[in-house]
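Here is what each chain is made of, one letter per residue.
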Protein chains: 2
Amino acid sequence: MFFEGAEKKLEIILKNKTGSLLSIDQEVWDKAVRLCEASILSMIENDHVKAFLLSESSLFVWKDRLLMLTCGETKLVQSAHYLMDIINKEDIAAVTFQRKNEYRSHLQSTHFDDDVKLLREQTEGTALRFGQLHGHHNLLFHTNQTMPEDDDKTIELLMYDMREEVSKRLTQENLSSQDIRSFLGIEEAFPGFIVDDFSFKPYGYSLNAIKDHLYFTIHVTPQETSPYVSFETNMPLSTDGFVLKHFINKLKPESFDVMTFNCEVQSPSEDYLTICEQKERLKNGFDVCFKTYQAKHHRKTRPTVILKG
Amino acid sequence: MFFEGAEKKLEIILKNKTGSLLSIDQEVWDKAVRLCEASILSMIENDHVKAFLLSESSLFVWKDRLLMLTCGETKLVQSAHYLMDIINKEDIAAVTFQRKNEYRSHLQSTHFDDDVKLLREQTEGTALRFGQLHGHHNLLFHTNQTMPEDDDKTIELLMYDMREEVSKRLTQENLSSQDIRSFLGIEEAFPGFIVDDFSFKPYGYSLNAIKDHLYFTIHVTPQETSPYVSFETNMPLSTDGFVLKHFINKLKPESFDVMTFNCEVQSPSEDYLTICEQKERLKNGFDVCFKTYQAKHHRKTRPTVILKG
């Protein structure tokens, strides 16, 4: 029942004066998704953004940028390679490609080093690791060109090892997406968003939500072998404290990472200790901060049986 | 400059009444070491134990048991398969085979699941994971047969991310084994042991030490990309607190694991928080405890450059 929840992430940002990604043919998005070996489940849109819910995570498209997140054993670098080929090179202001540490990296068909090699066939770039190799970390490749002033903020919240009662609740049979949405308190916490979500069989849940140019996305891998929930948004900083607290309180993870671009957030709870903190201003101008938090009170548990004798 | 310090470990224990492993032909040990793709550098012995220092870690042989530790990309399961074939099946009381989480598991030729499959061709057994999959962990396969009363104790201390000044000290050019032995304070902390050690080029250090039936072994991978030091011993519990404190104080790791068999130790330092604790009595009768500790005060650092743009 293992599923790799840990995501790969691609972001391509265009220069301001160029045409709109929103007018690109649907076939391009179909192909980009197919190339990483995922499929499109559904789509919502408003005047600012199209949000595709995928069999493995999400694709968001704005006029001047796209964001693609995929988990499982998807090959996101293949989508990246295709999209960087489709979009006129002169129109691209920045590309970032991320992979967070996988639960079982040996099951992946490529590794970050391979992906970077492929990306560097198309563009110059720098590769960094935020976090320790033996702990949680996030591998990031980015183009070197300095971005024009960009005040867009992104927050990634990656949560591990939810409390047993949370995992049990989220692995019940026949949960509807409404059940999970209610449990996560989406409507109360995020009023006014258009929401598109999906409850996978036997477990797993994905959600995309949009309001004007804002988005958030949630992906839940509740299984006991690799419990993981990710949340990502470009919502303004003022509400972040609340948003992070909301999920930490609901899901009670044993540990979590917060990675921010062009913003910083304080620890959302006194119950956690910061165990890693790394910052860098990237060559493209983004201010990036990566923090790992660990519950101060550990739970005494028993080992996991892999194979009964 | 990456080197995988994380060890694989094999222990085979014989029933009391059988012949002595000490009388086994040297060719057998040569072949066992060759099969995992390591080589023997040197050997020390007394009336109770032979200790081989290997190109990748150590092999200890007593009358009634053997212990083999190998790191890097060695294939220890091949040695295990061979030794379980050489030793009369009826004479074997217990086999345990461990792999700790690797820094870069995708570079290994086999993974724990593959190894267990191979071992199960020769013996029944149970496979467990101590620790969380997304954190430090130790995978353990063991035979199911209950051991006759065995009060042998083992302590493994696995240290990550030594302080920068420690790493710098241990990666200086042309360090002799005497230099490293002095830095680690071996003679003062462990009087009366016969010591055999080796300083690798450009970095790395291995040490075996024996006194009567007692042993300890130290393996140092000081490089910045994967700093790791392991210590293991069967010394009696009364001195453990001191021994663990000794290494924690010398090396100042950011985090460390303590895995104990048939004994328990208290936290060696107030400066660390226990973040994982798992216990189990194995089917073979061993009481196993796995704990991970994390420094309470994190160091603010910058990300690691993987590839300069």
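This text follows the structure it describes.
Residues numbered from 1 in each chain as written. Chains lettered and ligands numbered in written order. Predicted model: local features only at pLDDT ≥ 70, side-chain atom pairs only at ≥ 80, totals over all residues. Heavy atoms only, no water.

Undergrad: Quick one: what's the story with the environment of Lys245 of chain B, residue by residue and with numbers?
TA: All names here are of chain B. Note that Lys245 resides in helix α7 (residues 240–251). Its relative accessible area of 40% is what places Lys245 among the partly exposed residues. In this structure, the C-alpha to C-alpha distance between Lys245 and Ser79, residues 166 residues apart in sequence, is 34 Å. (Helix = DSSP H or I, 4+ residues; strand = E, 2+ residues; numbered from the N terminus. Buried < 20%, exposed > 50% of the residue type's maximum accessible area, 1.4 Å probe, protein only.)

Undergrad: How would you explain the relation of the copies chain A and chain B if you had to name every residue and give the values?
TA: For these two chains of identical sequence, chain A goes onto chain B by a turn of 180° and a shift of 0.0 Å along the axis, with RMSD 0.0 Å. Taken together, these values place the two copies in the relation of a two-fold axis. No C-alpha of chain A lies nearer the rotation axis than that of His106 of chain A, which sits 2.2 Å from it. Mapped onto chain B, 100% of the interface residues of chain A are again interface residues, and the two copies thus contact each other with one and the same surface. (Least-squares fit on C-alpha atoms with pLDDT ≥ 70 in both. Contact = heavy atoms within 4.5 Å.)

Undergrad: If you had to explain the packing of helix α1 (residues 26–35) of chain A against helix α2 (residues 76–86) of chain A to someone new, which residues and values would you point to?
TA: All names here are of chain A. Axis separation between α1 and α2 bottoms out at 7 Å; the angle between their running directions is 150°. Compared by their axis directions, α1 and α2 come out roughly antiparallel. α2 is crossed by α1, and the crossing has right-handed handedness. Here α1 contributes Val28, Trp29, Lys31, Ala32 and Leu35 to the contact with α2, which in turn contributes Gln78, Ser79, Tyr82, Leu83 and Ile86. For the contact of α1 with α2, a count of residues per class yields seven nonpolar, two polar and one charged. (Axes fitted to C-alpha atoms, helices over the stretch in contact; angles between N-to-C directions. Parallel < 35°, antiparallel > 145°, perpendicular 65-115°, else oblique. Left-handed = near helix turned anticlockwise from the far one by under 90°. Nonpolar A, V, L, I, M, F, W, Y, C, P; charged D, E, K, R; others polar.)

Undergrad: I'd love a proper account of the pattern of salt bridges, names of residues and values included.
TA: All names here are of chain A. The final tally for this structure, using the stated rule, is 28 salt bridges over all chains. The shortest N-O distance in the salt bridge between Asp152 and Arg65 comes to 3.0 Å. One end of the pair, Asp152, is in the loop between β8 (137–142) and β9 (154–162); the other, Arg65, is in strand β5 (residues 65–70), and 87 residues separate them in sequence. Using a relative accessible area of 30% as the deciding quantity, one classes Asp152 as partly exposed. Assessed through its relative accessible area of 9%, Arg65 is described here as buried. Among the ionic contacts, a cluster of salt bridges with common partners joins Lys9, Glu156 and Glu232. (Salt bridge = Lys/Arg side-chain N within 4 Å of Asp/Glu carboxyl O.)

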